[in-house]
Amino acid sequence: MSVSTLATAPSVCSPLPVLGRDVTVPLVTGGEVTYAALDYAASAPALQRVWDDVAAYAPYYGSVHRGAGYLSQLSTDLFENARRTVAEFLDCRDGDQVVFTRSTTDSLNLLAAALPAGCQVFVFETEHHAALLPWRDARVTVLDAPRGPRQAVETLERALAERDPLGPALVCVTGASNVTGELWPVRELAAAAHAHGARIVLDAAQLAPHHPVSVEDLDVDWVAFSGHKLYAPFGSGVLAGRADWLREAEPYLAGGGASRKVTRRTDGGVDVEWHDSAARHEAGSPNVIGAYAVASACKALTEAGFDTLVAREQYLVAKVREGLADVPQVRFLSLFGDDAPRVGVLSFVVDGWNSSHFAAALSAEYGIGVRDGLFCAHPLVRTLLGSDPQTQGECGAPEAAPGEKSLNAIRVSFGAGTPDEHVERFVRAVRELVTDGARWNYRTEDGRCVPDTSA
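All values derive from a computational prediction rather than experimental measurement. (Residues numbered from 1 in each chain as written. Predicted model: local features only at pLDDT ≥ 70, side-chain atom pairs only at ≥ 80, totals over all residues. Heavy atoms only, no water.)

So, the overall build of the protein chain
Inclusion rule: Helix and strand labels come from DSSP, where a helix needs a run of H or I of at least four residues and a strand needs a run of E of at least two; each type is numbered from the N terminus. When we talk radius of gyration, it's over C-alpha atoms, and the globule rule is simply 2.2 Å times the number of residues to the 0.38. Working definition: with a 1.4 Å probe on protein chains only, accessible area under 20% of the residue-type maximum means buried, over 50% means exposed, and in between means partly exposed. Here a residue-residue contact requires only that any non-hydrogen atoms of the pair lie within 4.5 Å. Only the protein chains shown count as cover for residues, and the accessible areas themselves come from Shrake-Rupley with a 1.4 Å probe. Under this rule, positive means Lys or Arg and negative means Asp or Glu; His and the chain ends count for nothing. Here the site of a charge means NZ on Lys, CZ on Arg, CG on Asp, or CD on Glu.
Scanning the protein chain from terminus to terminus reveals 13 helices and 19 strands. Here the C-alpha atoms of the protein chain give a radius of gyration of 23 Å, agreeing with the 23 Å that 2.2 N^0.38 yields for 455 residues. Across the 455 residues in the protein chain, those meeting the buried criterion constitute 55%. Taking the contacts inside the protein chain whose residues are at least 6 apart along the sequence as the reference set, 70% of them involve residues at least 24 apart. Taken as a whole, the protein chain presents about 19400 Å² of accessible surface, with 50% of it coming from carbon and sulfur. Measuring between centres, the 39 positive side-chain charges of the protein chain sit 3 Å from its 57 negative side-chain charges.

Thoughts on the state of the cysteines
Rules: Throughout, disulfides are identified as pairs of cysteine sulfur atoms within 2.5 Å of each other.
For the structure shown, the criterion picks out 0 disulfides. Free cysteine C172: the closest other cysteine sulfur is in C119, separated by 11 Å.

Points about the pattern of salt bridges
Side chains that carry opposite charge are capable of pairing whenever their charged atoms lie near each other. Heads up, the rule is: Note on definitions: salt bridges are taken to be side-chain nitrogens of Lys or Arg within 4 Å of carboxyl oxygens of Asp or Glu.
Per the counting criterion, the structure on display carries 26 salt bridges. Between R83 and E282 there is a salt bridge, with its nearest N and O atoms 2.9 Å apart. Residue R83 is located in helix α2 (residues 70-89), and its partner E282 is located in the loop between β12 (270-274) and α9 (288-304); the two are separated by 199 residues in the primary sequence. The exposure class assigned to R83 is buried, which follows from its relative accessible area of 13%. Its relative accessible area of 10% is what places E282 among the buried residues. Residues joined by salt bridges that share partners form a network here, namely D39, R371 and R411.

Observations regarding the sheet that holds strand β16 (residues 371-373)
Keep this limit in mind: In this scheme, strands are said to pair when DSSP sees at least two bridges between them. Orientation is described by axes fitted as lines to C-alpha atoms, over the contacting stretch for helices, and by angles from 0 to 180 degrees between their N-to-C directions.
Across the sheet, 4 strands lie side by side as β13-β14-β17-β16; this open sheet has antiparallel pairing. Of all strands in the sheet, those bounded by a partner on one side alone are β13 (330-332) and β16. With strand direction ignored, the average angle separating the axes of adjacent strands in the sheet is 30°. Strand direction decides the pairing type here: β13 and strand β14 (residues 345-350), joined by 3 bridges, are antiparallel. In the strand pairing of β14, V330 is matched with V350.

Considering the layout of surface pockets
A water-sized probe, rolled over the atoms, reveals where empty space remains. To keep it simple, the criterion reads: A cavity here means a set of 1 Å grid points, computed over protein atoms only, where a 1.4 Å probe fits but cannot escape. A pocket is an open set with protein on both sides within 12 Å along at least 5 of 7 lines, and lining residues have an atom within 4 Å of a point. Grid points are joined across faces, edges and corners, and a volume is the space filled by probe spheres set on the points. Any residue that is not Ala, Val, Leu, Ile, Met, Phe, Trp, Tyr, Cys, Pro, Asp, Glu, Lys or Arg is counted as polar, Gly included; the first ten are nonpolar and the last four charged.
Here the largest pocket defines a volume of roughly 320 Å³. Residue lining of the largest pocket: 23 residues in total, with A41, H128, N178, Q206 and K229 positioned closest to the centre. Within the lining of the largest pocket, the residues separate by chemical class into 7 nonpolar, 11 polar and 5 charged.

Here we look at unusual backbone geometry
You will see that D91, though not glycine, has its phi angle at about 55°, which is positive. Looking at the secondary structure, you find D91 in the loop between α2 and β4 (97-101). Residue D219 is not a glycine yet carries a positive backbone phi of 60°. With respect to the helices and strands, D219 occurs in the loop between α7 (215-218) and β9 (222-226). Taking relative accessible area as the criterion, D219 reaches 34% and is therefore assigned partly exposed.

Here we look at the pairing of strand β17 (residues 409-413)
A regular strand carries its side chains on alternate faces of the sheet. Taken across its 5 residues, β17 has 5 buried, putting it largely inside the fold. Bridge analysis of β14 against β17 gives 4 bridges, and the strand direction is antiparallel. The residue bridging S347 from the neighbouring strand is R411, located in β17. Summarising the sheet, β16 and β17 pair through 3 bridges and their orientation is antiparallel.

Side note on the pairing of strand β5 (residues 120-124)
With respect to burial, β5 is a largely interior element, 5 of its 5 residues being buried. The alternating pattern of β5 places Q120, F122 and F124 and V121 and V123 on opposite faces, both of which are buried. Examined bridge by bridge, β5 and strand β6 (residues 139-143) share 5 bridges and lie parallel to one another. When the bridges of β6 are listed, V121 appears paired with V140. Of the pairings in the sheet, the one linking β5 to strand β7 (residues 169-174) comprises 4 bridges and is parallel in character. Residue V123 lies in a different strand from β7, and its bridge partner there is C172.

Quick notes on the packing of helix α10 (residues 306-323) against helix α13 (residues 420-436)
Rule in force here: In this scheme, roughly parallel covers angles under 35 degrees and roughly antiparallel covers those over 145, while 65 to 115 is roughly perpendicular and the rest are oblique. Throughout, a crossing is termed right-handed when the near helix is turned clockwise from the far one, and left-handed when it is turned anticlockwise from it by less than a right angle.
Between α10 and α13, the least distance of the axes is 9 Å, while the angle of their chain directions is 15°. With respect to their mutual orientation, α10 and α13 come out roughly parallel. Pair α10 / α13 crosses with right-handed handedness. Residues R312, Y315, L316, K319, V320 and G323 of α10 pack against D420, V423, E424, F426, V427 and R431 of α13.

Comments concerning the sheet that holds β6
The strand order across the open sheet formed by 7 strands is β4-β10-β9-β8-β7-β5-β6, and the pairing between neighbours is mixed. A strand with exactly one partner marks an edge of an open sheet, and here the two such strands are β4 and β6. Taking the axes of each pair of neighbouring strands and ignoring which way they run, one obtains an average angle of 20° across the sheet. Strand contacts of α2: β4, β9 and β10 (237-241), with the helix running at about 115° to β4, the strand carrying the most contacts. In the packing of helix α3 (residues 104-113) onto the sheet, contacts are made with β4, β7, β8 (199-203), β9 and β10, and the angle to β9 comes to roughly 150°.

Right, dumping it as structure tokens:
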């Protein structure tokens, strides 16, 4: 089957310029090839526009919020304008706060630290660990993986109906799975949560780079996402939403910036008056460049148009699925079914292959970067693979040699910067590896499958 005869390209389908698009990497079989970055779900390459905006600002770098100098005032304006840009990107409500954090993980841990006493948290076992694990001081109910959007809503409704109706409650749910790419019924889950007096936080790490996210339309209480998945550099994230729980909680970090007033007491201690604004949870010198980069990415995606971006991404998804449809050894993983709406994230296993071995061969022999493992979503991947929930595993590769059984999967993911050629090369590579096998010998080293170069 010729890849070129598959899915029809949308009328506007040029990828957005990203860093690294011309980087070449060596092949173990000899020569070099342009690197095909197909691990967007882990970290997307930075948009060239974002990098250019950051480079243009860098000479004007200055302290923020209290500096009297011109560069300090410029940096302060840039930082606070970035907050407004993110609020517009997320279609936040009047009164919502936008707090800059380090990542989605940091955002959800911040919210976990701000939960009222006695709060009960409801989370599906399908969540990324960033959404599954932060709620250590709350009463947590982990819900079984649903097999369809309707079942997800019904499962949540049953669980909420049985909770203590007088205490606070929070539902945490993903917008798009980092394993299967499937879109979750966020609006319906939010309605169910609110009908039972609970609040809801949306993990939009995999949704925001691919689809518009409206806090108001989805009616979620908070949304969290990471800059490094939104085509910005590492080290920045966002928690946006209702202010009351954040305003009433102790600061996430104690220090300068979070405090409005600090006075000495006669007993030698100090009294602190904390800010009520987002600054309450942004102690220390903020990551101004990170916030500016996130805002730049928000502007770039908005101006490119999500309708165009979604159409192109669905075209690439179709290329992968149609290109491998007649390869029975390849089995895609899904909760909601093969036809479920999804972003550009697909996980699969290959009969007769250890997942780490297969991913290593894609990299070493074809210059294709994918992800193998449990994708920091151990319960979900084990459910999809039908493995024992007690089986040990890591986020990365297993301690298994090439050819041995793997409890892990392979994930290919792409987005606004992915050229057609990268996806077409991936499809050809999978077909060739399944048909002809690897052209090189591999061995396990430090838990990873790597080319054996000892000969």
